[in-house]
Structures are given as C-alpha cells and as structure tokens.
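Working through the structure, step by step
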Amino acid sequence: MTEPFTEAGRPPRPFGAQVPIPAWLMRGGTSRGPFFRASDLPRDIAVRNRVLLAVMGSPHPLQVDGVGGGHPLTSKAGIVSGSDEAEIDLDFTFVQLQPGNTSVQTTANCGNMLSAVVPYALETGLLEPGGETTTATVRTLNTGLISEITVQTPELGTGEDSRRVVAYDGDTAIDGVGGTASPIRIMFRDTEGSVAASLLPTGHERDVVVLAGGRELEATLIDNGQPMILVRAGDVGRTGYESTEELNADADLKALLEDLRIEGAGLMGLGDVRDKSYPKMTLLAAPRGGGAVSTRCFIPHAAHESIGVLAAVTVATAVCMGGTVAHGLAASGSGRQRTLAIEHPSGAFDVDLELSERGEVLRAGITRTARPLMSGDLWVPRTVWDPQRKIPGTEKTES
Ligand code: NQM
C-alpha cells in the first residue's frame, strides 16, 4: 500500500478510511485558504495535487465536501517550509485551485496569500519572533519572487511569562475585508517578468491585438509580478465602473476578454493559457475616487471583488509608464517615491513605488492584513493515495 505520509508528517491513524493532515486555515489579505508545512504533504506532486483537490472539495462548484469557498479567491492553498538558501527565511508555494474544475496551478504569484505566510510561520514555530516587529525574507517558489515581510510581534504578559506573539488587532483597514487589523508590510524586489520573460514581453508599452474574428484592440501586455492584459473599458464598450455582479453576468464581455486573453497571451510568450489562471484581464478607466486609475479585474474569468496584490503593483507600474493604455486616463503622480491608489469595485488599493531617475519602477511596497481562522487536521480520503484500494470496512473502491 502507498504510505500516505512523507518525511516529518505525523503517522496516519492506523488503517482509517481518512487521513488527517495538519493545517491552518488562514485569511491572507482578500484571499483565504489552508496552509501546510511542506513536510506534511506528499512529495509526489501528482499525489499532492489530488490531496489538495480533496481538501478543497474541487471540482464541485460549491466545494461542499471540502474547505474551499466556491470562489477562486477562496480556492487557494499555501505550502511553507524553511529555506536552504542562507538569505531566505521561508519558502512559500502558492497553489491556485478552482471551484468547478480539477486545475491545480503553482505558476503565478498571489500577494494576498503571501501576506499570511509569516503569521503562519510564527504561529507554527517555523520562525522565531524578533523584536516589536519581525521581518522575514520570503521566496515564493512559483516564480522566485523575493519579498521582505514585516509583522507586528509585541510582547504579551510580564516577567517570566512574557513572550512575543503575532498581533492581529490593529487599525489597518483593507478594502474588500471587513473591520480593521494589524498591518503586514510587504516590500517586493525584482518583480519584473514573473511568468512572462520580462516586464513588457512584446517589447512595447502598447500593442494592437488582433482577435480571432479580426477585431483589433489596443492593450498593454505587462508583467510586474503578475502577467496582465490591460485594456481601456471604453474600448470594449463598458464604463469600467460596473459592479462585480454586473461584470459576472456580462457573458459578451467575458467572451471578448477571453478572446483577447488567448491572443494576448500568445504575444506575451505564455503559450496556450486556456486552462491557466493567467494572464489576468483588467479594464481601466479614469479614477473617480481621487485615486490613480479605476480597475475592473478578471482572475481571469470571474470578476475580482477588489484586485490582487501583484495585479495592483502591475497596474500601478503601467500607470507610471508613458505609452501604456493607462496613459491619458490615469493620474500617475510625480516624484521618485509615490503612492498610487488603484481603485477597484470595493474601494482602493495603495501601492507605494520607488522609481529610478529614468522612471522605471525599482521597488514596490504594499500593506495587507491576515489572520488564522482555524488550526487542526484536514481529513482526506485514504483512497486519494491509492484510488484502487478498498476503503476498510466497506466494499467500495474509488477510481
Ligand atoms: O495578484 C487573485 C488575489 C489574487 C492574486 C488573482 C494576488 C496577486 O487577489 O498578487 O493577490 O489574481 O487570482 O488573491
């Protein structure tokens, strides 16, 4: 029989029909999903993916037999370990699953799930708290993205009983999540060309993309942490201020954006992206809340209630560049250090940028909040490891 656990994983209870796997359910920014230690998951990627599908309850659209929330933003998982690299504290793999299908992807980044990595590592003993704040260097293995993440770790108690804990209460609000919480600061390095080969993989700030039916659309094909296709909302006959519900009900727009995504991804050198979660599609319009630009982002088929972290960094970068489709409708601000508010359906996302003298984006910083929601074991049918094996106590097999 295939042994369900690997390396440091806890031995399964003997011969149960379900295998418990230690996990923490975390909210990271505007996303949510279970976090695992790498050593608690199967080393074999195919088996690991079957385990994650079972954990999430995919491919059922409501994920009722798992912990997924029936939406791409709540069909995510994080895998964390210490790192072999001296200058890296933690390695993080972001896994995007989906309600409604069996896709398990580890190609693109997710800055929202990333924001939960350091709290998870501190809570589970992978990392020791420093002083009032704890900063860790985290490598996202999906793309090699390096980020420095700082969380608040105040002292709790006095004298011998005192210890540093992760602060979760605080005054920081992020649009798309209710209430306020303790801030988590993320500074990104070298975000250019995360999945695509470079920041502007076509070599242009603006391209004319010819769709299968012959229609032409101007778009910016860009990747500063997230591969994205930016298009002016007016060019596709929309305002760019529609609600998420309106966008999700707009089958014509979705079909048009999917055509643009497939053609544009080809130009970006991303190959056939029909079953991929990237590039993300974003409609741009003039800001109307005092920010830099208004966005409506598709990830890539469902409309986002807000906008992804590296998606916001990538849009902010396009806003600062002269010739992109954002030019003429966005307010790009000025100075080598600037904060751009990227407006989205539930508010705005502030991106702090540091630019070179020539106007290239050198560094990006953002603030998120995160919180553990539950810790314990997630139970996975043992048949996931060996689909042909009989479930003890029954005559059933699953294949
Ligand atoms: O772009 C959604 C999210 C994301 C990704 C998505 C993200 C990012 O909001 O860094 O955070 O684009 O699928 O969680």
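Since the structure is predicted, the reported quantities are computational estimates derived from the model, not experimental observations.

Another aspect to go through is the pairing of strand 1 (residues 18-28). Working note: regular strand, side chains alternate between the two faces of the sheet. In terms of burial, strand 1 is a largely internal element, nine of the 11 residues being buried. In the sheet, strand 1 pairs with strand 19 (residues 370-381) via 11 bridges, with the strands oriented antiparallel. In the sheet register, Pro20 faces strand 19, and the bridge partner there is Trp379. As paired strands, strand 1 and strand 2 (residues 31-37) are joined by five bridges and run antiparallel to one another. Paired with Trp24 across the two strands is Phe35, which belongs to strand 2. Hairpin remark: strand 1 followed by strand 2, antiparallel, with two residues in the connecting loop; positive phi at Gly29, about 60 degrees.

This part is about the site of the ligand. Around the ligand, 14 residues are found, and the nearest of them are Ser31, Lys76, Gly111, His304 and Leu310. Between an oxygen atom of the ligand and a main-chain N or O atom of Val309, the distance comes to 3.1 Å. With the chains in place, 99% of the 350 Å² that the ligand exposes on its own is no longer accessible. Among the cavities detected, the one that contains the ligand is the largest cavity. Considering each element in turn, the shell around the ligand owes the most residues, three residues, to helix 6 (residues 309-320).

The next subject is the packing of aromatic side chains. This model, assessed by the stated rule, comprises two aromatic pairs. An angle of 10 degrees between the planes, with centres 6.1 Å apart, marks the rings of Phe35 and Phe92 as stacked. Taken together, the residues span a long stretch of sequence, with Phe35 in strand 2 and Phe92 in strand 4 (residues 90-97) at a distance of 57 residues. Comparing Phe35 with Phe92, the two get one shared label, buried. Relative to Tyr120, the ring of Phe35 lies with its centre 5.5 Å away and its plane at 40 degrees, an arrangement referred to as tilted. In this pair, Phe35 sits in strand 2 while Tyr120 sits in helix 3 (residues 117-123), placing the two residues 85 residues apart along the sequence. Given the relative accessible area of 0%, Phe35 is considered buried. We classify Tyr120 as buried; its relative accessible area is 3%. Here the aromatic residues Phe35, Phe92 and Tyr120 are joined through ring pairs into a cluster of three or more.

Below, the discussion takes up empty space enclosed by the protein. One pass over the structure, following the stated rule, counts two cavities of 30 Å³ or more. Here the largest cavity defines a volume of roughly 170 Å³. Lining the largest cavity we find 19 residues, and of these Lys76, Gln226, Lys280, Ile299 and Gly308 sit closest to its centre. Counting residues per element, the ones that place at least two in the lining of the largest cavity are strand 4, helix 2 (111-114) and helix 6. If you tally residues by element for the lining of the largest cavity, the top one is helix 6, at three residues. Classifying every residue of the lining of the largest cavity by side-chain character gives eight nonpolar, nine polar and two charged. There are two domains that each give the lining of the largest cavity at least three residues, and those are domain 1 (18-183 + 371-385) and domain 2 (207-367).

Reading the values: the criteria
Residues numbered from 1 in each chain as written. Predicted model: local features only at pLDDT ≥ 70, side-chain atom pairs only at ≥ 80, totals over all residues. Heavy atoms only, no water. Buried < 20%, exposed > 50% of the residue type's maximum accessible area, 1.4 Å probe, protein only. Helix = DSSP H or I, 4+ residues; strand = E, 2+ residues; numbered from the N terminus. Pairing = 2+ DSSP bridges. Near = heavy atom within 4 Å. Polar contact = N/O pair within 3.5 Å; in protein donor to acceptor, adjacent residues only side chain to side chain. Areas by Shrake-Rupley, 256 points an atom, 1.4 Å probe, with all protein chains shown as cover. 1 Å grid on protein atoms, 1.4 Å probe; cavity = no way out; pocket = protein on both sides within 12 Å on 5 of 7 lines; lining within 4 Å. Sits in = over half its atoms within 2 Å of the grid points. Phe/Tyr/Trp six-rings, centres within 6.5 Å; stacked < 30°, edge-to-face > 60°. Points joined across faces, edges and corners; volume = space filled by probe spheres on them. Nonpolar A, V, L, I, M, F, W, Y, C, P; charged D, E, K, R; others polar. Domains from an automatic or database assignment.

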